[in-house]
Amino acid sequence: MAGVYTVTQINSYIKNMFKQDFVLNHIQIKGEISNCKYHTSGHIYFTLKDSGGTISSIMFSSFAGKLKMRLTDGMKVTVEGRIDVYERDGKYQLYASNITEDGIGDLYKQFELLKCKFEEMGYFSDIYKKTIPAFSRKIGIVTASTGAAIRDIMNISYRRNPYVKLYLYPALVQGEQAKYSIVKGIEILDKMGLDCIIVGRGGGSLEDLWAFNEEIVAEAIFNAETPIISAVGHETDFSISDFVADLRAPTPSAAAELAVCDIRQVEAGITDIKNRLNRNMQLKIRACRDYTDKYNLSLQYLNPVNQVQEKRQMLIGYEDKLNFYMNNTLNINKHRLSVLSAKLDGNSPLRKLNGGFAYIQNHDGKHIVSVNDVSVNDNMDIYLKDGCVSAVVTGIDKNN
């Protein structure tokens, strides 16, 4: 139908109009950077703004790699590039080819002044930092009741430890009244005897996060008795509350990781300790058993009853040996006695007397063995086998 176009045709037509405009293809725009994000691809996405408006901007990695500075929110810059239409979304944006710094934005200057002020007051000093409990059971949260921050904290907390209780104070986190809401949330949760408190929100521009740079918020965090984790924006975002808090988390999700212990690691640690205790106990029992067995053997050896029995066995052995030696000696001596008795019997005078021989002695009892032992008229006794005869020497006849 004549005069009716598709969306794609219109976007393409407008894009061609932009390309034919010399000014839009070679332009320099002055403004303040906001919502700056460095993508993993190397591209830089940001918003260029002034007091009256904003324009979405992108710098591709081929140009971004040539920058000699890092873009941050609040920087006042002059951007060279071209204005073009992104046909898919029907949006025009600034495609930057070069960026030069004009100065720091007013809001960023205010941030730096506040940072210097609180640092000089000692609010950032480590001596005032309280330790975040390793095993928190009750955790307070000051953030918006809707949004990614509270969902991320709840999901990560439940995944890591479903036994932890979360107490949310639904605070305003953006706008003029946000600072009062955040302070009230900190004061209320601080009186509840919680283990720690997370204060924060998701990402945004410097203006979006400004409530966490307010003096009354910094003072509320500093004066709180409960340890506080600040989790404002993304990893590259910094706020005054980050420096004053007891611990800074790069994101709300990271705050949940820091505040909530992983129950699985705790259980694994308990199991490991239990196993090590059991192993050490078994080793100790085994060592004690060996020690006991050693001393039982010593006691058995030193036991008087056992020693008496052992000595008794030795005595029995000695008695057997003694009996053997006594009997053997007795038999030997009996044999010797028999031999000597036979020899004695063979030499016995009585045996001679029985053979017809006589034993003669003088009157004094001296044995007469020779004629020279007597004289005529000497008295003598003659012993025969059956008696004694007294005689007088009447004569002596010597052998020639």
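Parameters and conventions
Residues numbered from 1 in each chain as written. Predicted model: local features only at pLDDT ≥ 70, side-chain atom pairs only at ≥ 80, totals over all residues. Heavy atoms only, no water. Pairing = 2+ DSSP bridges. Helix = DSSP H or I, 4+ residues; strand = E, 2+ residues; numbered from the N terminus. Axes fitted to C-alpha atoms, helices over the stretch in contact; angles between N-to-C directions. Salt bridge = Lys/Arg side-chain N within 4 Å of Asp/Glu carboxyl O. Buried < 20%, exposed > 50% of the residue type's maximum accessible area, 1.4 Å probe, protein only. Parallel < 35°, antiparallel > 145°, perpendicular 65-115°, else oblique. Contact = heavy atoms within 4.5 Å. Nonpolar A, V, L, I, M, F, W, Y, C, P; charged D, E, K, R; others polar. Arc of directions from axis to C-beta. Phe/Tyr/Trp six-rings, centres within 6.5 Å; stacked < 30°, edge-to-face > 60°. Lys NZ or Arg CZ within 6 Å of the ring centre and 35° of its normal. Core = buried A, V, L, I, M, F, W, Y, C linked by side-chain atoms within 4.5 Å. Left-handed = near helix turned anticlockwise from the far one by under 90°.

Participant: How do you make sense of the sheet that holds strand 11 (residues 359-362) when you look at a structure like this?
Facilitator: Where strands meet in a sheet, backbone hydrogen bonds hold them as pairs that are either parallel or antiparallel. An order of 11-12-13 is seen for the three strands of this open sheet, with the pairing classed as antiparallel. Since the sheet does not close on itself, it has two edges, and those belong to strand 11 and strand 13 (387-392), each with one partner. Taken over all neighbouring pairs, the strand axes of this sheet differ in orientation by 25 degrees on average, direction set aside. Note that strand 12 (residues 379-384) and strand 13 share six bridges and pair antiparallel.

Participant: Sorry, what's going on with the pattern of salt bridges here?
Facilitator: Should their charged atoms come close, side chains of opposite charge can pair. Per the stated rule, a full pass over the model turns up 13 salt bridges. Note that Glu257 and Arg160 form a salt bridge whose closest N and O atoms lie 2.6 Å from each other. Of the two residues, Glu257 sits in helix 9 (residues 252-259) while Arg160 sits in helix 5 (residues 148-160), which places them 97 residues apart along the sequence. A relative accessible area of 32% places Glu257 in the partly exposed class.

Participant: Would you take a moment to explain the pairing of strand 2 (residues 44-50) for this structure?
Facilitator: Most of strand 2 sits out of view: five of its seven residues are buried. Across five bridges, strand 1 (residues 27-38) lies against strand 2 in antiparallel orientation. Bridge assignment links Ile33 to a residue of strand 2, and that residue is Leu48. The hairpin turn running from strand 1 into strand 2, its antiparallel successor, is five residues long, and Gly42 in that turn takes a positive phi close to 105 degrees. Bridging between strand 2 and strand 3 (residues 53-59) involves seven bridges; their strand directions are antiparallel. Within strand 3, the residue paired with Phe46 across the bridge is Ser57.

Participant: Can you help me understand the packing of helix 6 (residues 178-190) against helix 7 (residues 215-223) in this one?
Facilitator: Axes are the key here: two packed helices are described by the angle between their axes and the distance separating the axes. Where helix 6 contacts helix 7, the two axes come as close as 9 Å, and the packing angle between them is 10 degrees. Taken together, helix 6 and helix 7 sit at an angle that is classed as roughly parallel. Side by side, helix 6 and helix 7 meet where Lys179, Tyr180, Ile182, Val183 and Ile186 of the first sit next to Ile216, Val217, Ala220 and Ile221 of the second. Partitioned by chemical class, the residues of the contact of helix 6 with helix 7 number eight nonpolar, no polar and one charged.

Participant: Just checking my understanding: could you explain unusual backbone geometry for this structure?
Facilitator: Most peptide bonds are trans, and most residues other than glycine sit at a negative phi. In this structure, Asn35 is a non-glycine residue whose phi angle is positive, near 55 degrees. With respect to the helices and strands, Asn35 occurs in strand 1. One non-glycine residue, Asn377, adopts positive backbone phi at about 80 degrees. Residue placement: Asn377 occurs in the loop between strand 11 and strand 12.

Participant: How do you make sense of helix 7 when you look at a structure like this?
Facilitator: An α-helical segment advances 3.6 residues per turn. Residues three or four places apart therefore align on the same side. When we look at burial in helix 7, the residues that qualify are Val217, Ala218, Ala220 and Ile221. Viewed along the axis of helix 7, the buried residues span an arc of 160 degrees, placing them on a single side of the element. Those residues of helix 7 that are buried are in contact with helix 4 (106-120), helix 6, strand 9 (228-232) and helix 8 (240-244).

Participant: Explain the packing of aromatic side chains here, please?
Facilitator: Within a pair of aromatic rings, the relevant descriptors are the distance that separates the centres and the angle that separates the planes. In the structure shown here, the tally under the stated rule is eight aromatic pairs. Centroid distance Phe60 to Tyr95: 5.8 Å. Interplanar angle 35 degrees. Geometry classified as tilted. Placement of the pair is Phe60 in the loop between strand 3 and helix 3 (61-64) and Tyr95 in strand 5 (residues 91-104), with a sequence separation of 35 residues. A ring pair is formed by Phe118 and Tyr123, whose centres lie 5.1 Å apart and whose planes are at 45 degrees; its orientation type is tilted. With relative accessibility at 0%, the residue Phe118 sits in the buried group. Judged by relative accessible area, Tyr123 falls into the buried class, the value being 11%. Here Arg82 stacks its cationic end above the ring of Tyr95, 4.6 Å away from the centre of that ring. For the cation-ring pair, Lys117 lies above Phe118, with the distance from its terminal atom to the ring centre recorded as 6.0 Å.

Participant: Whenever I open this one, the nonpolar core confuses me. Can you help?
Facilitator: The nonpolar side chains of soluble globular proteins are, as a tendency, buried together. Counting residues in each nonpolar core, the largest one holds 33 residues, and the members touching the most others are Val142, Ile182, Ile186, Val199 and Ile228. By residue number, the principal contributor to this core is helix 6, which donates five residues. Leaving out residues up to four positions away in the same chain, Ile186 has contacts with Val142, Ile197, Val199, Ala220, Ile221, Ala224 and Ile228. If you look at the next biggest cluster of nonpolar residues, it comprises 21 residues, including Phe46, Ala64, Ile83 and Val85.

Participant: Help me out: how do you make sense of the packing of helix 4 against helix 7 in this one?
Facilitator: It is the contact of helix 4 with helix 7, at a shortest axis distance of 12 Å, that shows an interaxial angle of 30 degrees. In this view, helix 4 runs roughly parallel relative to helix 7, as classed from their interaxial angle. As helix 4 runs across helix 7, the sense of the crossing is right-handed. Residues Leu114, Lys117 and Phe118 of helix 4 lie in contact with helix 7, whose contacting residues are Glu215, Ala218 and Glu219. Taken together, the residues that form the contact of helix 4 with helix 7 break down as three nonpolar, no polar and three charged.

Participant: I would appreciate a short explanation of the environment of Met59 in the present structure.
Facilitator: With respect to the helices and strands, Met59 occurs in strand 3. On the basis of relative accessibility, which here comes to 0%, the residue Met59 falls in the buried class. It is 5.1 Å that separates the C-alpha atoms of Met59 and Ile44, two residues lying 15 residues apart in sequence. Dropping the residues within four chain positions of it, Met59 is found in contact with His43, Ile44, Phe46, Ala64, Leu67, Ala96, Ser97, Asn98 and Ile99.

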